[in-house]
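Coordinate inspection notes
The chain contents come next:
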Amino acid sequence: MNGIIFDIKEMAVHDGPGLRTTVFLKGCPLRCMWCHNPEGLSFVPQLMHKSNCCTDCGKCKEKCSHPECEPFSRCLHICPNNCLSIAGRYVTPKELANELLESAEILGESFGGFTFSGGEPLAQSEFLLEVMDELSGYHLCIETSGHCESETFKKVLDKLQFVIMDIKLADSGLHKQYTGVGNELILKNFEILRQSGKPFIIRTPLIKGFTDTKENLDAIKAIIGDSPWEQLPENNVAGAKYKMLGLDFPLEKEKAKRN
């Protein structure tokens, strides 16, 4: 079985307990207007182009013999300014586990464990489960929206030592409007998480005028009670990645409509 990832971040300090290695799985069923990892939304590799350093020399458009370049009709290796990159590569569970274990060996006793983020790691649940089996014995954590079938959620939860889960909006109608899906599955899985006894933390991104309203935060508080809760500031530089992918930034468009 192959999975697809788009990044591995070593020595991460905000993705669970201790000094960690975080792997970002590609693909997500949500379409949050403020998503700060747009390269993680699609389930296929994507070309990223840094237009701010491009001189329009045209070299990348000349025919080359590299098989990895063929799907993008660009030579990925010839750019003198390194303007081109690919977000997404396919790996087997064994290949990924071996790559991740190298970082664990380097950090030694300072190593805290592995975190799976995205995208939405639960969207590749079968691949994820196999990777976690390969990493059995290490502290495993997931960063998730919680949007998946509950049976899948339980299977993954059984293999985890820590969970970081988003609850972005309490109202399902607003959740669907701003993320593309309702929040019924998310709230159902939160209850499963709360009753599991596994350590966890809830996160809410504070998007001005969308998720940071008193009504929303009060409603989330009523849902999660005394659960650990982090409220994260808005990422103001996310828009640059959309441009590199040739995409519009939905949050900017929605804010412009409101103004």
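Everything in this summary refers to the structure shown in the same document. Sequence order sets the numbering: in each chain, residues are counted from 1 along the sequence as written. It should be noted that, the model being predicted, local features are given only for residues of pLDDT at least 70 and side-chain atom pairs only at 80 or more, the latter also being counted only at that level, while totals for whole chains, interfaces and linings use all residues. Side-chain metrics in this entry use all non-hydrogen atoms of the structure; hydrogen atoms and water are not considered.

Here a pair means two rings of Phe, Tyr or Trp (six-membered ring of Trp) with centres within 6.5 Å. Their orientation is stacked below 30 degrees between planes, edge-to-face above 60, and tilted elsewhere. Applying the stated rule across the entire model yields 8 aromatic pairs. Centre to centre, the rings of Phe114 and Tyr138 are 5.3 Å apart; their planes meet at 65°, and the pair counts as edge-to-face. Within this pair, whereas Phe114 is found in strand β6 (residues 111-117), its partner Tyr138 is found in the loop between α2 (125-134) and β7 (140-144), the two being separated by 24 residues in sequence. Assessed through its relative accessible area of 33%, Tyr138 is described here as partly exposed. By way of ring pairs, the aromatic residues Trp34, Tyr178 and Phe210 are connected into one cluster. Whether a charge sits over a ring depends on NZ of Lys or CZ of Arg being within 6 Å of the ring centre and within 35 degrees of the ring normal. Between Arg258 and the ring centre of Phe210, over which it is positioned, the NZ or CZ distance is 3.8 Å. Think of it this way: any DSSP run of H or I at least four residues long counts as a helix, any run of E at least two long counts as a strand, and we number them from the N terminus. Burial classification: accessible surface area is computed with a 1.4 Å probe over protein chains only, and a residue below 20% of its type maximum counts as buried, one above 50% as exposed, and the rest as partly exposed.

Here we take up the environment of Ile201. Positionally, Ile201 belongs in strand β9 (residues 200-206). Ile201 sits 41 residues away from Tyr242 along the chain, and the two C-alpha atoms are 29 Å apart. What makes two residues a contact is simply this: any of their non-hydrogen atoms within 4.5 Å. Residues in contact with Ile201, not counting those within four places in the same chain, are Phe162, Val163, Ile164, Met165, Pro228, Trp229 and Glu230.

Turning next to the pattern of salt bridges. Two side chains of opposite charge can pair, provided their charged atoms sit close to one another. The term salt bridge refers to a side-chain nitrogen of Lys or Arg lying within 4 Å of a carboxyl oxygen of Asp or Glu. This structure, assessed with the given rule, holds 15 salt bridges. In this structure, Asp15 engages Lys9 in a salt bridge whose closest nitrogen and oxygen atoms are separated by 3.4 Å. Given a relative accessible area of 36%, Lys9 falls into the partly exposed group. The salt bridge involving Glu134 is made with Lys94; its shortest N-O contact spans 3.5 Å. Remark: Lys94 occurs in helix α1 (residues 93-107) and Glu134 occurs in helix α2; sequence separation between them is 40 residues. Salt bridges sharing partners connect three or more residues here, namely Glu143, Arg203 and Glu230.

Here we come to the sheet that holds strand β5 (residues 89-91). Think of a sheet as strands paired side by side through backbone hydrogen bonds, with each pair either parallel or antiparallel. Two strands pair if DSSP finds at least two bridges between them. Taking strand neighbours across the sheet as the criterion, the 8 strands line up as β5-β1-β2-β6-β7-β8-β9-β10 in an open arrangement whose pairing is mixed. Two strands close off the open sheet at either side, each with one partner strand: β5 and β10 (229-233). Geometrically, the sheet is characterised by an average inter-axis angle of 30° between neighbouring strands, direction not taken into account. With 6 bridges joining them, strand β2 (residues 19-25) and β6 adopt parallel strand pairing. Along β6, the bridge assignment pairs Val23 with Phe116. Helix-sheet contacts for helix α6 (residues 214-224) involve β9 and β10, and the interaxial angle to β10 is about 155°. Lines are fitted to the C-alpha atoms to define the axes, a helix being fitted only along its stretch in contact, and any angle between axes, read from their N-to-C directions, falls within 0 to 180 degrees.

In this section: the nonpolar core. Counting 39 residues, the largest nonpolar core has Phe116 and Leu135 as its most contacted members. Ranked by the residues each element gives to this core, the list is headed by α1, at 6 residues. In this text, buried Ala, Val, Leu, Ile, Met, Phe, Trp, Tyr and Cys residues form a nonpolar core when linked through side-chain atoms within 4.5 Å. Cys28, Leu30, Cys32 and Val181 belong to the second largest nonpolar core, which has 16 residues in total.

In the contact formed by helix α3 (residues 150-157) and helix α5 (residues 184-196), the axes pass within 10 Å of each other and the chain directions differ by 35°. The handedness of the crossing between α3 and α5 comes out as right-handed. Residue-level contacts link Ser150, Phe153, Lys154 and Leu157 of α3 to Leu185, Lys188, Asn189, Ile192, Leu193 and Ser196 of α5. The class makeup of the residues in the contact of α3 with α5 is 5 nonpolar, 3 polar and 2 charged. Two helices crossing with the near one rotated counterclockwise from the far one by less than a right angle form a left-handed crossing, whereas a clockwise rotation gives a right-handed crossing. Residues are grouped as follows: Ala, Val, Leu, Ile, Met, Phe, Trp, Tyr, Cys and Pro are nonpolar; Asp, Glu, Lys and Arg are charged; every other residue, Gly included, is polar.

Turning our eyes to something else, we now look at the pairing of strand β1 (residues 3-12). Sheet analysis places β1 next to β5, joined by 3 bridges and oriented antiparallel. Residue pairing in the sheet places Gly3 in a bridge with Val91 of β5. Relative to β2, β1 is paired through 5 bridges, and the arrangement is antiparallel. Within the sheet, the bridge partner assigned to Asp7 lies in β2 and is Phe24. Adjacent in sequence and paired antiparallel, β1 and β2 are bridged by 6 residues, among which Gly16 carries a positive phi angle near 125°.

Coordinates in, geometry out; function isn't part of it.
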